[in-house]
Structures are given as structure tokens and as C-alpha cells.
Amino acid sequence: MTLDDSFRQFMDRFQLPDMSGLDWKGSTDKLRQQFYVASRAIERDAPEMADISLLKATGAAGPLRARLYTPLGAGVPPGPGIVFFHGGGFMLGDLDSHDMVCKRLAEGARCRVIAVDYRLAPEHTFPAAHEDALAAWAWIVENATRLGLDPQRLAVCGDSAGGNLSAYLAQEMNRTGGPRPAFQLLLYPLVQFVDIRTKKMSFQEGGFFISANLFEYFRDSYITDESQRMDVRVSPLFAGPDAFKGLPPAHFVLCGWDPLKDEGLAYADKMASFGVPVTVREHPGMVHGFMNMTALSDTVRLAIRDAGHVAGRALGAI
């Protein structure tokens, strides 16, 4: 399995910060600055949107920023849509860090994408992000028609920690009988927050923004009580049958160079064992977080478009 050349060249120049001996605030500020710089890209071939609107969604503890992307191929509203939660270990990321991902996803799916911010750690600890995701989902479903969305044709989507929120949300709707997503698009999702050090891959060769120390730093900033690591809200892989039976269909995008790949496969297999329709697309030469690096490689752009196509077909937009 060969690492994509463009990523190898990038990672030769990029070094994960040493997390030892740094205070919480200094470490967090440094990480957020690095993540912002690394994930922001101005691309001349960026997909043109028919409209981009800034919104205020309802969160669990107050309003949340949201951004609605309407691609040129979205068609007459109300139509299908994708609710997107960004990754970043529950500490990093915002609407801007994943702006290009959302634009390319909207173009590929030919449907509207609504990206939702949520509260971040360490300022806001577990279960703040998960409660925000549920509250935002309820607000979007309730206001779907006004937003140009069909509430019966909404997918949940997220990368890494955002994939965790998406997986949890789908399970919670199963448990509570709430409004179910029609589809799940899970991009190299984090589905357990218990352990990473037993992964087979060396972390020096692991994914972008993933190392053993960094993973544990993310985890400990969000999960302040060690006993909560197995909580199914943050570790949906360990949920019981009631959470899996009847889940909406799902498509996984996984990376060959990602210490989270095996747990993503395990989650897909567990869903399939309960009769949930599941498809998996692995990009062998890609690293964790690769969809944030659209400026590096045409392969990344095509991968996001391909994921969008899958969701668009599932929702009837294509």
C-alpha cells in the first residue's frame, strides 16, 4: 500500500505538534491555528454555487452558526439535502475549515448541503457537541421546507469526529423514534473513543492530524471522565442491537493510511450484520483527513465528488 505522492510530499514538510508539556489553552490555540492554515484553500476550479446562505440553527444551549450551500444542479425546492458536521477531534474545525469540502460535496450530490457548527472542547466538554448535533437536526427537520429541503430525503454526513456525530444521530433516532435520516455518508468516521494505541499502523506513518498522543489529547479534552469513553454517544461502535436494527443505508469512505480504518470497517460490518445496506469505498493511498486537502491533489477532488454522487443517487437527486 503506497501513500499518495502528493500527501507524502506534504507530510514531509508538515509535522504534528508535540503535545507533551503544553498547557491546554496554548496547545488548543496552536492546533486550531495550524488546522485552519492547513485546511483553507482558494482554488480556481472551486465549484460555483447558485447560492450560499449563512444561517442560525438552534443548538442545545443557544444558536449555532450554519451555512446552506445550493449547487447549480440542485433543482426546484424542496429537494433532498445533506446535513454536514465537520471533523477536528471535537476541538478543531468550523464552517470555514470545511467550506471547500461542502462545496464539492454539494456539486457531486446535486443537492443542498447544510453545514452546522457545534460547540468545541475544551471550552465545552462531552456531551455538548452531541447535544448540539441532535438539536440542530431537529431544527433543520422542523424548518426543512423553508430551507428548500425535503425532510424525508435528508442525509447525515461528517468526517472523522463529524462522522461520529452523524453515526450517533442516526442511532439516536432509531432508539427514540425521532425523524430518521434517509442516508448516512460517513467519511473516515471516529466510532470509538476508547483506545488507539493498539492500532496496527505506526503513527509516524498514520493519517494527517492523527497520532497516538494527539488522539488522546482530543479525547481527554472532550471526555473529562474516563468512565464515559464507552458511552454509546461517543463510541457508537459499542451500541446494542436496538441502535443498529433499522438504521438507514450508509456509505463509508475510508483511507488506507488511517489508524481509524479498521474501526470504520468494523462499524460497517456490524451495520451489515443487522441487515443495513452498506457500501464501502477505500482510497488506499490516502491519509486521515485527506478531503480537507483538495488543493493538493485531483484525486481528492474526485473522491469528494464520488462520495457526493453516492449520496445524491441514494437521495434521488441524481
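Above this text you will find the structure in question.
On a predicted model such as this, the values are computed, not experimentally measured, just so you know. (Residues numbered from 1 in each chain as written. Predicted model: local features only at pLDDT ≥ 70, side-chain atom pairs only at ≥ 80, totals over all residues. Heavy atoms only, no water.)

## Comments concerning the sheet that holds strand β2 (residues 63-71)
Stage number 1. As summarised here, the arrangement of the 8 strands in space is β1-β2-β4-β3-β5-β6-β7-β8, forming an open sheet in which the pairing is mixed. The sheet terminates laterally at β1 (49-58) and β8 (278-287), the two strands that pair on one side only. For this sheet, the mean inter-axis angle between neighbouring strands, taken without regard to orientation, is 20°.
Stage number 2. In the packing of helix α4 (residues 128-142) onto the sheet, the strands contacted are β1, β2, β3 (79-85), β4 (112-116) and β5 (149-159), and the crossing angle to β5 comes to about 155°.
Stage number 3. Where helix α8 (residues 261-273) meets the sheet, its contacts fall on β6 (183-187), β7 (250-257) and β8, and the angle it forms with β7 comes to roughly 155°. (Pairing = 2+ DSSP bridges. Helix = DSSP H or I, 4+ residues; strand = E, 2+ residues; numbered from the N terminus. Axes fitted to C-alpha atoms, helices over the stretch in contact; angles between N-to-C directions. Contact = heavy atoms within 4.5 Å.)

## Digging into the pairing of β7
Stage number 1. Most of β7 sits inside the fold, with 8 of its 8 residues counted as buried.
Stage number 2. Sheet topology places β6 next to β7; 4 bridges connect them, and they run parallel. Paired with L186 across the strands is F252, a residue of β7.
Stage number 3. In this sheet, β8 lies alongside β7 in parallel orientation, the contact comprising 7 bridges. Bridged to L254 within β8 is E282.
Stage number 4. Remark: the β7/α8/β8 crossover connection has right-handed handedness. (Buried < 20%, exposed > 50% of the residue type's maximum accessible area, 1.4 Å probe, protein only. Right-handed = clockwise from strand over helix to strand, strands pointing away.)

## With respect to the pattern of salt bridges
Any two side chains of opposite charge can pair, given that their charged atoms come close.
Stage number 1. As enumerated under the stated definition, the model contains 16 salt bridges in all.
Stage number 2. With a closest N to O distance of 3.2 Å, D150 and R153 form a salt bridge.
Stage number 3. Judged by its relative accessible area of 28%, R153 is partly exposed.
Stage number 4. Linking D231 and R233 is a salt bridge whose minimum nitrogen-to-oxygen distance equals 2.8 Å.
Stage number 5. One network of salt bridges, in which partners are shared, links D45, R104, D298 and R301. (Salt bridge = Lys/Arg side-chain N within 4 Å of Asp/Glu carboxyl O.)

## Here's the deal with helix α6 (residues 212-222)
Stage number 1. Most of α6 sits inside the fold, with 9 of its 11 residues counted as buried.
Stage number 2. If you check which residues of α6 are buried, you get A212, L214, F215, E216, Y217, F218, R219, S221 and Y222.

## Section: the side chain of S160
Stage number 1. Looking at the element boundaries, S160 is found in the loop between β5 and α5 (161-176).
Stage number 2. Its relative accessible area of 10% is what places S160 among the buried residues.
Stage number 3. For S160, the side chain forms a polar contact with the side chain of H288, separated by 2.8 Å.
Stage number 4. Ignoring sequence-local partners within four residues, the contact set of S160 consists of G87, L187, Y188, P189, L190, L260 and H288. (Polar contact = N/O pair within 3.5 Å; in protein donor to acceptor, adjacent residues only side chain to side chain.)

## With respect to the nonpolar core
Stage number 1. If you look at the biggest cluster of nonpolar residues, it comprises 44 residues, and the most contacted ones within it are F90, I114, I140 and Y222.
Stage number 2. In terms of residue count, α4 provides more of this core than any other element does, 7 residues in total.
Stage number 3. I114 has contacts with L55, A66, R67, L68, I82, V83, F84, W139, I140, L147 and L149, leaving out every residue within four places of it along the chain.
Stage number 4. Membership of the second largest hydrophobic core comes to 33 residues, among which are A109, A115, V300 and I304. (Core = buried A, V, L, I, M, F, W, Y, C linked by side-chain atoms within 4.5 Å.)

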